[in-house]
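Residue-level structural notes
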Amino acid sequence: MNILDKIIADKHKELVLKKLVVPVSQLEQSALFERETVSLAEKLRSSKTGIIAEHKRRSPSKSIINQGLNVEDVAKGYEDAGISGMSVLTDGKYFGGSLDDLLYARAAVKMPLLRKEFIIDEYQLLEAKAHGADVILLIAAVLEREEIKRLSEFAKSIGLEVLLEVHNEEELQKSIMPSLDMLGVNNRNLKTFEVSTDISKELSGKIPEDFVKVSESGISSVEAIKDLQQFGYKGFLIGENFMKTNNPGKAAAEFVKTLNKL
Ligand SMILES: O=P(O)(O)OC[C@@H](O)[C@@H](O)c1c[nH]c2ccccc12
């Protein structure tokens, strides 16, 4: 079984247990459930730099990235860096994250927050909303077209934006539908962990204009961004490059500054 299949199998188990402990009614009672969300797509459309910085403690491909930071400090640092939004990994087993991370980030900042999770069920969308997310991720590699449709429409109905992630043309073609806001191309193949921005370039022309294009993973230089901007990308999801430092906010601020100068 590849890692992605393993993660999804675990997610199914985790969800059965979670639903026993926290019923939907409880999620809907969260004060955050009524919160008006902020649009990441709009921020990206109007930004010159379009950085979405991620909070990621560890990953299956790199093991430990940074375990010693406080998520609120990271969130504030990112916000002060003038980026467009933040991605918060909430998977515990493989990425060392939690819904509490999302909640603490929400309490610390106003910018759009993406719940970075392996979404397979509406319940996780209610959780995202109840913990202060503005945007959710759907991964085409693990969802059928009908599931993408159902989940994205549900997300939109509770005010969440949708970033759909693909890794190849087949995933892209099966996923295009009006209930998506942003289309992300993951430069990391989640099955083999190989990283190359070539895939973002290859797929760029096949993404319809109405979606904001996001290039995800393996980005560590401003030159790579300048290059991807030529292919129409407006958003750039960066994790490790900032998280591996002891001050991700500062690293992001310097990155944005250099990018603005180019
Ligand atoms: O740390 P990187 O290489 O900058 O990548 C960030 C982000 O794109 C990556 O964490 C990611 C992209 N899609 C995902 C899906 C699940 C988990 C993680 C991811």
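Residues numbered from 1 in each chain as written. Predicted model: local features only at pLDDT ≥ 70, side-chain atom pairs only at ≥ 80, totals over all residues. Heavy atoms only, no water.

**Observations regarding the sheet that holds strand 8 (residues 182-186)**
Within the closed barrel, the eight strands sit side by side as 1-4-5-6-7-8-9-10. Their pairing is parallel. In this sheet, neighbouring strand axes are inclined to one another by 25 degrees on average, regardless of whether the strands run parallel or antiparallel. With five bridges connecting them, strand 6 (residues 135-139) and strand 7 (residues 161-166) associate as parallel partners. Note on strand 7: the bridge partner recorded for Ile139 is Glu165. Of the strands in this sheet, strand 1 (51-55) and strand 4 (85-89) are in contact with helix 4 (residues 71-80), which crosses strand 1 at around 170 degrees. Helix-sheet contacts for helix 10 (residues 222-229) involve strand 1, strand 9 (212-216) and strand 10 (235-238), and the interaxial angle to strand 10 is about 150 degrees. (Pairing = 2+ DSSP bridges. Helix = DSSP H or I, 4+ residues; strand = E, 2+ residues; numbered from the N terminus. Axes fitted to C-alpha atoms, helices over the stretch in contact; angles between N-to-C directions. Contact = heavy atoms within 4.5 Å.)

**Here we look at the UniProt feature "domain: Indole-3-glycerol phosphate synthase" (unreviewed entry) in the chain**
When the UniProt feature table is mapped to this numbering, "domain: Indole-3-glycerol phosphate synthase" (unreviewed entry) covers residues 4-254. Annotated as residues 4-254, this span is 42% helix and 17% strand, and its ends, taken at the C-alpha atoms, are 33 Å apart. (UniProt positions renumbered as here; feature names shortened; annotations may be inferred.)

**Looking at the site of the ligand**
In the vicinity of the ligand lie 17 residues, with Glu54, Glu165, Arg188, Ser217 and Gly239 positioned nearest. A distance of 3.2 Å separates a nitrogen atom of the ligand from a polar atom in the side chain of Asn186. Measuring from an oxygen atom of the ligand, one finds a side-chain N or O atom of Arg188 at 2.7 Å. For the ligand, the protein covers 98% of the area, taking 440 Å² as the surface of the free molecule. If you list the elements that add at least two residues to the shell around the ligand, you get strand 6 and strand 10. For the shell around the ligand, the class distribution of residues is six nonpolar, four polar and seven charged. (Near = heavy atom within 4 Å. Polar contact = N/O pair within 3.5 Å; in protein donor to acceptor, adjacent residues only side chain to side chain. Areas by Shrake-Rupley, 256 points an atom, 1.4 Å probe, with all protein chains shown as cover. Nonpolar A, V, L, I, M, F, W, Y, C, P; charged D, E, K, R; others polar.)

**What to know about helix 4**
Where helix 4 is concerned, the buried positions are Val71, Val74, Ala75, Gly77 and Tyr78. All buried residues of helix 4 project into a common sector of 165 degrees when viewed along the axis, lining one side. In this structure, helix 4 carries Asp73 and Asp80 as exposed residues pointing more than 90 degrees from its buried face. Taken together, the buried residues of helix 4 touch strand 1, strand 4, helix 5 (99-108), helix 11 (240-243) and helix 12 (248-261). (Buried < 20%, exposed > 50% of the residue type's maximum accessible area, 1.4 Å probe, protein only. Arc of directions from axis to C-beta.)

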